[in-house]
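Residue-level structural notes
Chain residues, written in single-letter form:
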Amino acid sequence: LASMFPLAMFTSSFFWGWLSDHIGRKPVTLVGVFALGTGSILLGLTRDYYTALTIRIVSGLLNNITSMLKCMIAEMSGKHQAKGMSYFSVAFTTGTLMGPSLAGILAMPCTQYGPRFPGCSAQDSFLEKYPFFLSFFFFGAFTLISGAYAMYYTPETILKRKPLPRRLQFLSFLVPAEGKGPVGAREAVKYQVLEEEADEESQIHVDGVEMTEMKASSNGENGIGYLYTKDGQLELEASGAEGPHGDDGGAEGRAVLKEAGSLDEDQEKYDGWFRKKEVQIAVFLYFCIALFYVSFEELFPLFGSARVAAGGLSLASKDVGIFMSIGGGCTILYTLFLFPKMIKRGGTLWLIKAGSINCMILSVLTPLMRLLVNESDYPQETGMVNKSGLQYMSPLLWVVMVLHAIFTHVFGTNCFASVIMVVNKASPPQHFGAVNSYGQALASLARVVGPSAVGWLWTACGKIEGSMMLQVFLPFLFCGASAFAMFCLAFSAPSWLNSRS
């Protein structure tokens, strides 16, 4: 049931990304938001497994929200993309921390709070029949309200849509007409791309000719060109390394020239983006960081809640959640105040390399926490669920677990936000939505593969006779391998994918 949602997203994400290049980001986002909100409420009202499975599949097939949000943020934030992606990461982390807590508070109210809770006085009450309704309804209603707000107040960010193929003209009703209808009611609102707020330094005058500094999709430091007027014609002069799509200053330079009418349609078309090395490296970087995240966050609670005799830490689930929340909370502060500065100092590829190596080391060393546990300090428990084991932890183990949680989340965030920026930079402009959704499809596949792989390894290794530490170490080695694969991909990436802006 849990894996059907990301599996359905895997099958449909590419289509929605391709469609967003033709009809816009906003309609695709709204379809996903309303499908997700409605599906959440319906899940709270079902007691049949196959009905719930159908709801999850349909919601996943219609959902490409994350990919569209990344496209919209990148298209609006311009040269301030690092700050824009840091806000995206903060929102994602905050939701991840608050969501499970709120769901736990609202779930099974009659069991948690007894007959004094409104609606639980009768033995056969509605909340007794549907114990998870409040959790699903709260998040579903919140999602639908967010969608209604976005419908009227969020502008379309794609500047020029590609025409719909004839066979898909029936989807033209999704294309918002400027200023007309509920979807396009706010289309007339003109947002200003942040990088258009140029300072005086970006205007250069040479021999009476005004030159405007512009970013090209080449090397992050040297790929700067100048768009200027010469004898009434627009020309683009690129300084530094040659861009990835020719010597005209890269994808953005080509887009500017085409808009100005100085680039032929045939010349503007790129080769198939799917065959481009930089695109494949970027999207598989996204696959690797997703695989690491979902695998580690599935495996660490298993390790923490396993009994000491079985190589774990004998913590209750809520104890494990405390440390993960500490790491997530510190990540929010880091992302807001330090991440943009780190991007400027080292660049995206450098942060991915450093973050992936540190994630690999931290994941492989995680089982060594067991060496800080004195088994005689822990009482023998016979129940299926652990009682809180925090009072039995040594001060050193407390410090190690807190630092481990903080560093794992910080280095993981460095990789996550930087990889998104690399994917955006590798994407040809006219296929921006398709490339991002291709990456999101692979990330959805990682959400299916990762938990299944580490769960199977944990169970299989538990049956191995011999060293207890070896049994615990092997599943974490899978997480370390995914982080190392991310490092290798970042090391092989072209230098022009590195961005410091």
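Everything numeric here is computed off the predicted structure, so don't read it as measured data. (Residues numbered from 1 in each chain as written. Predicted model: local features only at pLDDT ≥ 70, side-chain atom pairs only at ≥ 80, totals over all residues. Heavy atoms only, no water.)

Some thoughts on the overall build of the protein chain
Regarding its fold elements, the protein chain presents 17 helices and four strands. Relative to its 501 residues, the protein chain shows a buried fraction of 48%. A separation of at least 24 residues holds for 75% of the contacts in the protein chain among residues at least 6 apart in sequence. Total accessible area on the protein chain stands at roughly 24,600 Å², and carbon and sulfur atoms take up 63% of it. (Helix = DSSP H or I, 4+ residues; strand = E, 2+ residues; numbered from the N terminus. Buried < 20%, exposed > 50% of the residue type's maximum accessible area, 1.4 Å probe, protein only. Contact = heavy atoms within 4.5 Å. Areas by Shrake-Rupley, 256 points an atom, 1.4 Å probe, with all protein chains shown as cover.)

Observations regarding the packing of aromatic side chains
The full count for this structure, using the stated rule, is 28 aromatic pairs. Centroid distance Phe-284 to Phe-287: 6.2 Å. Interplanar angle 70°. Geometry classified as edge-to-face. Remark: Phe-287 and Phe-284 occur in helix α11 (residues 277–305); sequence separation between them is three residues, near one turn of the helix. What makes Phe-284 partly exposed here is its relative accessible area of 34%. (Phe/Tyr/Trp six-rings, centres within 6.5 Å; stacked < 30°, edge-to-face > 60°.)

Quick notes on helix α2 (residues 25–44)
An ideal rise of 1.5 Å per residue puts 28 Å on 20 residues; α2 measures up with 29 Å between its terminal C-alpha atoms. Burial runs high along α2: 15 of the 20 residues are buried. (Expected span 1.5 Å × (residues − 1).)

Details of the state of the cysteines
Tallied over the entire structure, the rule returns one disulfide. A disulfide bridge connects Cys-110 with Cys-120, and the sulfur atoms are separated by 2.1 Å. Disulfide Cys-110 to Cys-120: torsion about the S-S bond roughly -85°, handedness left-handed. With a gap of 10 residues between them, Cys-110 in helix α6 (residues 109–113) and Cys-120 in the loop between α6 and α7 (126–129) connect regions that are remote in the sequence. (Disulfide = S-S within 2.5 Å.)

Some points on the pattern of salt bridges
In this structure the tally under the stated criterion is two salt bridges. For Arg-25, the salt bridge identified is with Asp-21, shortest N-O distance 2.8 Å. The same class applies to Arg-25 and to Asp-21, which are both buried. In this structure, the salt-bridge partner of Arg-25 is Glu-75, at a minimum N-O distance of 2.7 Å. With a gap of 50 residues between them, Arg-25 in helix α2 and Glu-75 in helix α4 (residues 65–77) connect regions that are remote in the sequence. (Salt bridge = Lys/Arg side-chain N within 4 Å of Asp/Glu carboxyl O.)

Considerations on unusual backbone geometry
Here the phi dihedral of Met-108 falls at roughly 45°; this positive angle occurs in a residue that is not glycine. Given the relative accessible area of 36%, Met-108 is considered partly exposed. The residue Ser-314 is not glycine, and still its phi comes out positive at about 55°. On the secondary structure map, Ser-314 appears in the loop between α11 and α12 (317–337).

Quick look at a positive patch on the surface
Together, Lys-79, Lys-83, Lys-341 and Lys-344 make up a positively charged patch on the protein surface. Position of Lys-83 relative to the elements: it lies in helix α5 (residues 81–106). Accessibility expressed as a relative area gives 42% for Lys-83, which makes it partly exposed. (Patch = residues over 30% accessible without salt bridge, like charges linked within 9 Å, V, L, I, M, F, W, Y side chains within 5 Å. Lys, Arg positive; Asp, Glu negative; His and termini not counted. Charge placed at Lys NZ, Arg CZ, Asp CG, Glu CD.)

Considering helix α15 (residues 395–426)
Taking 1.5 Å as the rise per residue, α15 with 32 residues should run 46 Å; its terminal C-alpha atoms sit 47 Å apart, in good agreement. By the criterion of burial, α15 is predominantly enclosed, with 24 of the 32 residues buried.

Topic: a nonpolar patch on the surface
On the surface, Tyr-87, Leu-333, Leu-336, Phe-337 and Leu-338 cluster together into a nonpolar patch covering about 510 Å² of accessible area. Looking at which element gives the most residues to the nonpolar patch, the answer is α12, with three residues. By relative accessible area, which is 33% here, Leu-336 ends up partly exposed.

Description of the packing of helix α16 (residues 432–461) against helix α17 (residues 468–492)
If you want to describe how two helices pack, look at the angle between their axes and the distance between the axes. Put simply, α16 and α17 touch, their axes get as near as 8 Å, and they point 165° apart. Classed by the angle they form, the pair α16 and α17 counts as roughly antiparallel. In the crossing of α16 with α17, the sense of the turn from one axis to the other is right-handed. Touching Ala-453, Val-454, Leu-457, Trp-458 and Cys-461 of α16 are Gln-471, Val-472, Leu-474, Pro-475, Phe-478 and Cys-479, all from α17. (Axes fitted to C-alpha atoms, helices over the stretch in contact; angles between N-to-C directions. Parallel < 35°, antiparallel > 145°, perpendicular 65-115°, else oblique. Left-handed = near helix turned anticlockwise from the far one by under 90°.)

Examining the packing of α12 against α15
Across the interface, α12 lies against α15 with an axial gap of 8 Å and an inter-helix angle of 45°. Regarding the angle of α12 to α15, the classification is oblique. Remark: the crossing between α12 and α15 carries right-handed chirality. The residues of α15 that touch α12, namely those facing Phe-323, Met-324, Ile-326, Gly-327, Gly-328, Cys-330, Thr-331, Tyr-334 and Thr-335, are Trp-398, Met-401, Val-402, Ala-405, Ile-406, His-409, Val-410, Thr-413 and Asn-414. Of the residues assigned to the contact of α12 with α15, the class counts are 11 nonpolar, seven polar and no charged. (Nonpolar A, V, L, I, M, F, W, Y, C, P; charged D, E, K, R; others polar.)

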